[in-house]
Amino acid sequence: MTYQRANLTSALVTKRTDWNDSLFSITLHSPSTQFQAGQFTKLGLFDENGKIIKRAYSIITHPEQHQATGELEFLIISDPRGQLSPLLHSLQVGEQVLVGTEGTGTMTLEEIPVDSRDLWMISSGTGIGPFICLLNDKKIGLRFNHLVLVHAVRHRKDLTYTNIIQSLEKQYPGKLIYIPVISRETHPNALSGRVPQLLDSGELERTAGISLDREKSFVYLCGNPQMVKDTSNSLKNIGLEKHLRRKPGQFASENYW
Ligand SMILES: Cc1cc2nc3c(=O)[nH]c(=O)nc-3n(C[C@H](O)[C@H](O)[C@H](O)COP(=O)(O)OP(=O)(O)OC[C@H]3O[C@@H](n4cnc5c(N)ncnc54)[C@H](O)[C@@H]3O)c2cc1C
């Protein structure tokens, strides 16, 4: 069945990866979706009354990769209390889903002020998705001196795309600094605790080996709204300001709920 209405089109699920019981990635064949690296689009399914349930999901695939393959990948967590995510979780290869024909969102490379030299990408949970997409942009390595990718999760099993991150570290030696942060377990290769406290104590900057400052840093925050709010306050405490198009600053964010 094909479907096209309200900026949605039907797409075939071509691949799925299960990271753990509730966290998964799906790849769709959707050659017509137009987007920029860092943006999100809608995914949707019909409910039992024939009504479309749709929600926003960040695109993992870089636009150049999409152009070559027609495929779009999404990283999703199923919330058993939610309406759409459990339905997406039950999708199998060969089934259809509705997908947006356009990307939306301002967490793109173009929005970052031109004088920024170090890009910090601070994510929680599935919020790492748009940063994997941005890191696959060839311009990013030329434009920035340092790329700091922070991924905050509860458990080690929630750390996703580590293979891709390892190959990106080889692509950007000494430039890409990956810092996993785990809140409910200790692990020798990850920081323990929560991002705002690790910023307040200076541990995040010490681990990155570079400082956060107004002259050279730009920070994108993505994921859990509490993490975004508390981390924004920590950034303000060290003198960084929220970025607005009419008044350039040093950090911007995307809340997932
Ligand atoms: C701009 C934007 C981009 C987004 N990108 C993604 C993405 O790439 N991957 C993704 O899984 N979700 C993403 N979301 C969240 C997504 O749109 C849905 O809200 C989510 O899948 C829950 O939908 P639902 O219908 O199952 O639950 P709903 O009935 O809408 O219930 C929402 C509840 O689910 C929880 N929740 C929502 N999103 C998450 C999440 N990502 N992690 C943990 N808890 C969550 C919150 O407690 C929230 O109150 C994004 C949201 C926005 C606004």
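Look up: the structure comes first, before these words.
Being a predicted model, the structure only gives us computed values, none of them experimental.

Q: Run through the site of the ligand, naming residues and quoting values.
A: Taken together, 19 residues lie around the ligand, and Ala56, Tyr57, Leu75, Leu84 and Ser85 are the ones closest in. Residue arginine 55 places a side-chain N or O atom 2.8 Å away from an oxygen atom belonging to the ligand. Note that an oxygen atom of the ligand is positioned 2.7 Å from one of the backbone N or O atoms of leucine 84. More than half of the atoms of the ligand fall within 2 Å of the grid points belonging to the largest pocket. At the level of elements, β5 (52–58), β6 (71–77), α2 (85–89) and β13 (251–255) are the ones that each hand at least two residues to the shell around the ligand. In terms of residues, the shell around the ligand owes the most to one element, β5, which gives four residues. Along the lines of polarity and charge, the residues of the shell around the ligand split into ten nonpolar, six polar and three charged. Inspection of the shell around the ligand shows a minimum of three residues originating in each of domain 1 (4–100) and domain 2 (109–255).

Q: For the nonpolar core, give the residues involved together with the corresponding values.
A: With 33 residues, the main nonpolar core has Leu119, Phe131, Leu135, Ile140, Leu147, Leu149 and Tyr220 as its most contacted residues. Residue assignment for this core shows that the elements contributing at least two residues are β8 (118–124), α3 (129–135), β9 (146–153), α5 (162–171), β10 (176–182) and β12 (217–223). Of all the elements, α3 adds the most residues to this core, at five residues. A domain split of this core shows at least three residues from each of domain 1 (4–100) and domain 2 (109–255). Residues in contact with leucine 135, not counting those within four places in the same chain, are Met121, Ile140, Leu147, Leu149, Leu168, Tyr172 and Leu176. Counting residues in hydrophobic clusters, the runner-up holds 23 residues, among them Val181, Leu191, Leu198 and Leu199.

Q: A description of the sheet that holds β12 should follow, citing residues and the corresponding values.
A: Overall, parallel pairing links the six strands, which are arranged β11-β10-β9-β8-β12-β13 in an open sheet. Where the open sheet ends on each side, the last strands, each with one partner, are β11 (191–192) and β13. As defined by bridge partners, β9 adjoins β10 across seven bridges and the pair is classed as parallel. Each residue of the ladder has a partner; that of valine 150, found in β10, is isoleucine 179. In this fold α5 packs onto β9 and β10, with an angle of close to 150 degrees to the strand it touches most, β10. Along the sheet, helix α8 (residues 225–237) contacts β8, β12 and β13; its crossing angle with β12, the most-contacted strand, is approximately 160 degrees.

Q: Could you give me a rundown of the layout of surface pockets, with the residues and numbers involved?
A: In this structure, the largest pocket encloses a volume near 1400 Å³. Lining the largest pocket are 47 residues; nearest its centre among them are Ile77, Gly125, Thr126, Asn224 and Trp257. At the level of elements, β5, β6, α3, β9, α6 (195–200), α8 and β13 are the ones that each hand at least two residues to the lining of the largest pocket. It is β5 that provides the largest number of residues to the lining of the largest pocket, a total of four residues. Along the lines of polarity and charge, the residues of the lining of the largest pocket split into 18 nonpolar, 19 polar and ten charged. When residues are assigned to domains, the lining of the largest pocket turns out to be shared by domain 1 (4–100) and domain 2 (109–255), each giving three or more. There is about 260 Å³ of room inside the second largest pocket.

Q: Run through the side chain of aspartate 47, naming residues and quoting values.
A: Mapping aspartate 47 onto the fold places it in the loop between β4 (40–46) and β5. Within the buried set, aspartate 47 has no salt-bridge partner at all; the shortest N-O distance to an opposite charge, 5.4 Å, is to lysine 51. Separated by 2.8 Å, the side chain of aspartate 47 and the backbone nitrogen of asparagine 49 make a polar contact.

Q: Describe the pattern of salt bridges, and please don't skip the residues or the numbers.
A: Enumeration according to the criterion identifies ten salt bridges in this entry. Two residues, arginine 81 and aspartate 79, come together in a salt bridge whose shortest N-O distance is 3.0 Å. A residue is classified by how much of its surface remains accessible, and aspartate 79, at 29% relative accessible area, is partly exposed. With its nearest N and O atoms 2.9 Å apart, the salt bridge here joins arginine 214 to glutamate 241. One end of the pair, arginine 214, is in the loop between α7 (203–208) and β12; the other, glutamate 241, is in the loop between α8 and β13, and 27 residues separate them in sequence. Within the structure, one salt-bridge network assembled from shared partners comprises Asp118, Asp213 and Lys216.

Q: Give a detailed account of the environment of leucine 198, specifying residues and quantitative values.
A: By the element assignment, leucine 198 lies in helix α6. Judged by relative accessible area, which is 4%, leucine 198 ranks as buried. Put simply, leucine 198 and glutamate 64 are 134 residues apart on the chain and 35 Å apart in space, counted from C-alpha to C-alpha. Ignoring any residue separated from it by four or fewer positions in sequence, one finds leucine 198 in contact with Val181, Leu191, Ser192, Gly193, Glu203 and Leu204.

Conventions adopted
Throughout this description, residue numbers start from 1 for each chain and increase along the sequence as written. In keeping with the model being predicted, local features are shown solely for residues with a pLDDT of at least 70 and side-chain atom pairs are shown and tallied solely at 80 or more, while totals for entire chains, interfaces and linings include all residues. The basis for every side-chain value is the complete set of non-hydrogen atoms in the structure, without hydrogens or water. Nearness of a residue to a molecule or strand requires only that one of the residue's heavy atoms be within 4 Å of it. Within 3.5 Å is the distance limit for a polar contact, defined as a pair of N or O atoms, with the added protein rule that one can donate a hydrogen and the other accept it, and that residues adjacent in sequence qualify only through two side-chain atoms. Here a cavity is any set of points on a 1 Å grid over the protein atoms alone where a 1.4 Å probe fits but cannot get out, and a pocket is any open set with protein on both sides within 12 Å along at least 5 of 7 lines; a residue lines the site when it has an atom within 4 Å of a point. Whether a molecule sits in a cavity or pocket is decided by its atoms, more than half of which must lie within 2 Å of the grid points. Helix and strand definitions follow DSSP, with helices as H or I runs of at least four residues and strands as E runs of at least two, each counted in order from the N terminus. Side-chain classes follow a simple rule in which Ala, Val, Leu, Ile, Met, Phe, Trp, Tyr, Cys and Pro form the nonpolar group, Asp, Glu, Lys and Arg form the charged group, and the remainder, Gly included, forms the polar group. In this document the domain limits rely on a domain assignment from an automatic tool or a database. What makes a nonpolar core is a set of buried Ala, Val, Leu, Ile, Met, Phe, Trp, Tyr and Cys residues whose side-chain atoms join them at distances within 4.5 Å. Partly exposed residues are those whose accessible area sits between 20% and 50% of the maximum for their type, while under 20% is buried and over 50% is exposed, using a 1.4 Å probe and protein chains only. Contact between two residues is taken to exist if any of their heavy atoms lie within 4.5 Å; hydrogens are not considered. If DSSP finds at least two bridges between two strands, the strands pair. Note on geometry: axes are lines fitted to C-alpha atoms, helical ones only across the stretch in contact, with angles between N-to-C directions running from 0 to 180 degrees. Grid points are joined across faces, edges and corners, and a volume is the space filled by probe spheres set on the points. Residues counted as positive are Lys and Arg, residues counted as negative are Asp and Glu, and His and the chain ends are not counted. Criterion for a salt bridge: a side-chain nitrogen of Lys or Arg within 4 Å of a carboxyl oxygen of Asp or Glu.

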